[in-house]
Amino acid sequence: MDFETVRARLRALGRLAAFRGGELLCVAGEDSDEVLLIETGSVKVVLPGKNGVDSILGFYGPGAVLGEMGVLSGTRRSATIMARTGGHAVHVDGTRFLALADEDPEVLRFVTDLLRQRLSLADRRQEYRASMDVPARLARQLLDLARELGEPAGPGFVVRGVTQAELAQLVTASPKSVEHAVALLRQDGVLVTDRRYYQIVDADALERKLADPGWRPGG
């Protein structure tokens, strides 16, 4: 069974419901009682900070499965899932998901693959924080985000609907630092911006700049 078949089984078990932009689909600290399959629209996963400063763990679109680890481990939600746009999600009751996981090893393999992807993403973000200043870190995260959820635009991508506050949470930096970083990337000609609009002019060219240890945005 391939992973799309697993998603089809989740659809058969769950109920489809619409969500609105800004709606909380689950909240950190609540019981882990269901698994979500995003069908349309996009959401963000937000980790509450101990110092009151939240961080964004990732943005997710159609096909993403979320909340499965809390259900499998029987622990409370560790993060909040908030809708970025309107859309639809399949809600699968936790007991049904556990029964499916018990009867079908492919589901556990699917979950293991998801966990591996998220650990890899977390490792990359840790590496970015350790080795890059805020402008380069922002360029790297925007490029990763654009390749996952952006719209192709010539040799680059367009990312819509993301605020500078969200970018600050994504790269773990202050909004002021991100504002300055955006200005430097615009100055370098790698980024064009408008309100909640970020266009990476040439993705391959930016990748080459990021691979150059001597590159400093605005330098």
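For the structure given in this document, a descriptive report is provided here. Since the structure is predicted, the reported quantities are computational estimates derived from the model, not experimental observations.

**Quick word on the pattern of salt bridges**
- Tallied over the entire structure, the rule returns 16 salt bridges.
- Among the salt bridges present, the one from D144 reaches R140, with a minimum N-O distance of 3.1 Å. With D144 and R140 both in helix 5 (residues 134-149) and four residues apart, the pair spans about one turn of that helix.
- Assessed through its relative accessible area of 10%, R140 is described here as buried.
- Three or more residues joined by partner-sharing salt bridges are found here, namely R140, D144, R147, D204 and E207.

**Some points on the sheet that holds strand 7 (residues 80-83)**
- Spatial ordering of the open sheet is given by 2-7-4-5, a layout of four strands whose pairing is antiparallel. Taken across any chain shown, the strands that pair with only one partner, and hence form the sheet edges, are strand 2 (24-26) and strand 5 (55-60). Neighbouring strand axes in the sheet, compared pairwise and without regard to direction, differ in orientation by 30 degrees on average.
- In this structure, strand 4 (residues 43-47) lies alongside strand 7, joined through four bridges in antiparallel fashion. Within the sheet, the bridge partner assigned to K44 lies in strand 7 and is M82.

**Brief notes about the environment of I56**
- Among the secondary structure elements, I56 is positioned in strand 5.
- Residues I56 and K44, twelve residues apart in the sequence, show an inter-C-alpha distance of 6.9 Å.
- The residues touching I56, leaving out its near neighbours within four places in the chain, are K44, V45, V46, R125, E166, Q169 and L170.

**Focus: the sheet that holds strand 11 (residues 191-194)**
- Pairing is antiparallel in the open sheet, where four strands are placed in the order 9-10-12-11. The open sheet has two edge strands with one neighbour each: strand 9 (151-153) and strand 11. Taken pair by pair, the neighbouring strands of this sheet meet at an average axis angle of 25 degrees, ignoring direction.
- Direction of pairing for strand 11 relative to strand 12 (residues 197-200): antiparallel, over a ladder of four bridges. Note that in strand 12 the partner of L191 across the bridge is I200.

What counts, and at which threshold
Residues numbered from 1 in each chain as written. Predicted model: local features only at pLDDT ≥ 70, side-chain atom pairs only at ≥ 80, totals over all residues. Heavy atoms only, no water. Salt bridge = Lys/Arg side-chain N within 4 Å of Asp/Glu carboxyl O. Helix = DSSP H or I, 4+ residues; strand = E, 2+ residues; numbered from the N terminus. Buried < 20%, exposed > 50% of the residue type's maximum accessible area, 1.4 Å probe, protein only. Pairing = 2+ DSSP bridges. Axes fitted to C-alpha atoms, helices over the stretch in contact; angles between N-to-C directions. Contact = heavy atoms within 4.5 Å.

Scope: geometric values only; no functional claims are made or implied.
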